[in-house]
Amino acid sequence: MVKYKEYDDYIEVLNPSAFDVKQTLECGQVFRYKVRDFGYTVYSLGHKADIYCQNGTIKIFTKDKKYFINYFDFYTNYDRIKSDLSVYPTIKSAIKYGNGIRILKSDPLEMIIEFIISQNNNIPRIKGIIEKICEDYGEKIDDYYAFPTLEKLKLIPLEYFKNIKCGYRDKYLYHTISMLTPDFISSIYNMNTDLARSELMKLKGVGRKVADCILLFGYSKTDVFPTDTWVVQAYKCLYGDDNLSASDISKKFVEMYGKLSGYAQQYLFYQMREGNLGEKL
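Quantities reported herein were computed from a predicted structural model and do not represent experimental measurements.

Caption draft 1: Quick look at the pairing of strand S5 (residues 47-54). With 6 bridges connecting them, strand S4 (residues 39-44) and S5 associate as antiparallel partners. Counted as the bridge partner of Thr 41 is Asp 50 from S5. Bridge analysis of S5 against strand S6 (residues 57-61) gives 5 bridges, and the strand direction is antiparallel. Paired with Ile 51 across the bridge in S6 is Ile 60. Where S5 folds back onto S6 in an antiparallel hairpin, the turn is made up of 2 residues, including Asn 55, whose phi is positive at roughly 55°.

Caption draft 2: Here's a closer look at the packing of helix H11 (residues 193-200) against helix H12 (residues 208-219). Close contact between H11 and H12 brings their axes to 9 Å; oriented N to C, the two are set at 120°. It follows that H11 is oblique to H12 by the angle criterion. Crossing of H11 against H12: the hand is right-handed. The segment H11 lies against H12, with Thr 193, Ala 196, Arg 197 and Leu 200 engaging Arg 208, Ala 211, Asp 212, Ile 214 and Leu 215.

About the criteria used
- Residues numbered from 1 in each chain as written.
- Predicted model: local features only at pLDDT ≥ 70, side-chain atom pairs only at ≥ 80, totals over all residues.
- Heavy atoms only, no water.
- Pairing = 2+ DSSP bridges.
- Helix = DSSP H or I, 4+ residues; strand = E, 2+ residues; numbered from the N terminus.
- Axes fitted to C-alpha atoms, helices over the stretch in contact; angles between N-to-C directions.
- Parallel < 35°, antiparallel > 145°, perpendicular 65-115°, else oblique.
- Left-handed = near helix turned anticlockwise from the far one by under 90°.
- Contact = heavy atoms within 4.5 Å.

Structure follows, in structure tokens:
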């Protein structure tokens, strides 16, 4: 677990090795952050945190300390998770490489919208689209904008998504938002993963990979293995097999890692994308 101490306006992480801010924010699970001279600024729903990473220390300045203690998953014992995963030789190098990754506890609605936008898209463009939606439909809070509520999202016309360059995703966003209800969003928490995935895949623009990202990052269901081109490459690199589809690779990894699949995915994804998976071969 992450050990920390709370002060009036910030949280100090006492064991920084347990929480690598760069690895956590830049491993594909979140888009609403900015790189700063002092570290990072992170936004989630209507909350903001400035994370100072200097001289081996981590200090999180925020008005919402309890929110971000939960958001950064400080209560989970990742040492135990990494120890359990280390019985698999193919994952050891990735765990060492991404040792400080933590899976964020993001809002499900935000994840649904953001991962539809993320499909076949680059990170600067994804971040720009999300920022524009927040500026135009989110509540202004101090010097930033909150992620829009579902009620506000439902006011957005299809033409708006076209105008902000969402591409083919414009129709996916518009139709998915029209289908969403608070009851639907909350019901996913209580479903088993297979049923939850099938329900999410009824939404426009949500295939298995996007559904698994939503389940992992929005609902904390760790028995999923989101599989994109990076994970497909990682599988080929590890096993020399280029005949399986992304869906079959996902299923195979879940069979292997079970309830720890989501954690394993983050380690492998991060190491592969950073170009260092070859270190284990």
